[in-house]
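In case you want the letters, here they are:
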Amino acid sequence: RMIIEVRDLVVGYGAATALDGVSLDVAEGEMVALIGPNGAGKSTLVNTLCGILAARRGRVRVTGDLALVPEGRHLFAPLTVDDNLRLGAWRRRDRDTAHIYTLLPELGRLRDRPAGRLSGGEQQMVALGRALMSRPDVLVIDEMSLGLAPRVVASLAAHLRDRNAADGLAVLLIEQNARLALDLCSRAYVLEAGRVVAAGASAELAGSP
Ligand code: ADP
Ligand code: ADP
């Protein structure tokens, strides 16, 4: 069963076309990467998946609960980590943050710190925790590794693997870092200038030039 289905999607800004016939799938429990350079159309696709931008042609279907880990994290700097996590809850009764500290133990000692005072890696962990608060079926993660040390990225990746293996969490990982994306995800799409120029198993894509 598919969680995300994108078919022949065309999205533009005024006269410009940012996505020109993109098709992409993420199945239940699958980890899929979308790789592409600056300007390829990755943010446009994220915004269309989240309903912020409208399709000009084609369609986007999301079956299940989608949570976004946005590029740049977008935490509320003066609020504590715990309050930032609470903001990830969709419904009032889901506001208990305890399960997040179990999933991401690194956040425990940070819980009462203002999010704006944390390191970039710590903030990215909070953004991940906030997205997990709503117990989603699929995470869309936009440029998770940007500006972070390899050790920090490895620990974020390990958490994603765990959630995938234990809970069947599906992931659409949007990355400029192709090596990380191909390492973490079983399948990948390469986006360039608004078109999918390559797609397939990560092992095959990693071996091609
Ligand atoms: P990426 O996230 O891969 O860097 P974007 O989706 O941001 O790519 O951009 C895709 C294309 O659409 C680029 O050519 C970009 O300049 C253009 N674009 C993005 N946002 C806007 C906008 N608000 N207005 C006009 N053009 C835009
Ligand atoms: P990304 O890091 O995802 O590539 P960008 O730097 O492309 O982000 O875009 C940052 C913001 O600027 C986005 O809101 C995007 O829509 C907007 N933007 C990008 N390209 C253009 C453009 N050519 N004209 C107007 N807005 C743009």
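Residues numbered from 1 in each chain as written. Chains lettered and ligands numbered in written order. Predicted model: local features only at pLDDT ≥ 70, side-chain atom pairs only at ≥ 80, totals over all residues. Heavy atoms only, no water.

In the nomenclature of an unreviewed UniProt entry, the protein chain corresponds to ABC transporter ATP-binding protein from the organism Actinoplanes ianthinogenes. UniProt's Sequence similarities (unreviewed entry) comment on the protein chain is quoted here verbatim: "Belongs to the ABC transporter superfamily." (UniProt positions renumbered as here; feature names shortened; annotations may be inferred.)

Caption draft 1: Summary view of the sheet that holds strand 5 (residues 66-69). Taking strand neighbours across the sheet as the criterion, the 6 strands line up as 5-6-7-3-8-9 in an open arrangement whose pairing is mixed. Of all strands in the sheet, those with a lone pairing partner are strand 5 and strand 9 (195-201), marking the two edges. Going from strand to strand, the sheet's axes swing by 15° on average, the running direction of each strand aside. As judged from the 5 bridges shared by strand 6 (residues 138-142) and strand 7 (residues 170-175), these two strands associate in the parallel manner. Note on strand 7: the bridge partner recorded for Leu 139 is Val 171. (Pairing = 2+ DSSP bridges. Helix = DSSP H or I, 4+ residues; strand = E, 2+ residues; numbered from the N terminus. Axes fitted to C-alpha atoms, helices over the stretch in contact; angles between N-to-C directions.)

Caption draft 2: Representation of the site of ligand 1 in the model. Close contacts around ligand 1 come from Tyr 13, Ala 18, Pro 37, Asn 38, Gly 39, Ala 40, Gly 41, Lys 42, Ser 43 and Thr 44, and that covers them all. In the model, an oxygen atom of ligand 1 is placed 2.9 Å from a nitrogen or oxygen of the Gly 41 main chain. At a separation of 2.8 Å, an oxygen atom of ligand 1 approaches a polar backbone atom of Lys 42. With the chains in place, 55% of the 550 Å² that ligand 1 exposes on its own is no longer accessible. Residue contributions to the shell around ligand 1 peak at 3 residues, all from helix 1 (residues 42-49). Looking at side-chain class alone, the shell around ligand 1 contains 4 nonpolar, 5 polar and 1 charged residues. (Near = heavy atom within 4 Å. Polar contact = N/O pair within 3.5 Å; in protein donor to acceptor, adjacent residues only side chain to side chain. Areas by Shrake-Rupley, 256 points an atom, 1.4 Å probe, with all protein chains shown as cover. Nonpolar A, V, L, I, M, F, W, Y, C, P; charged D, E, K, R; others polar.)

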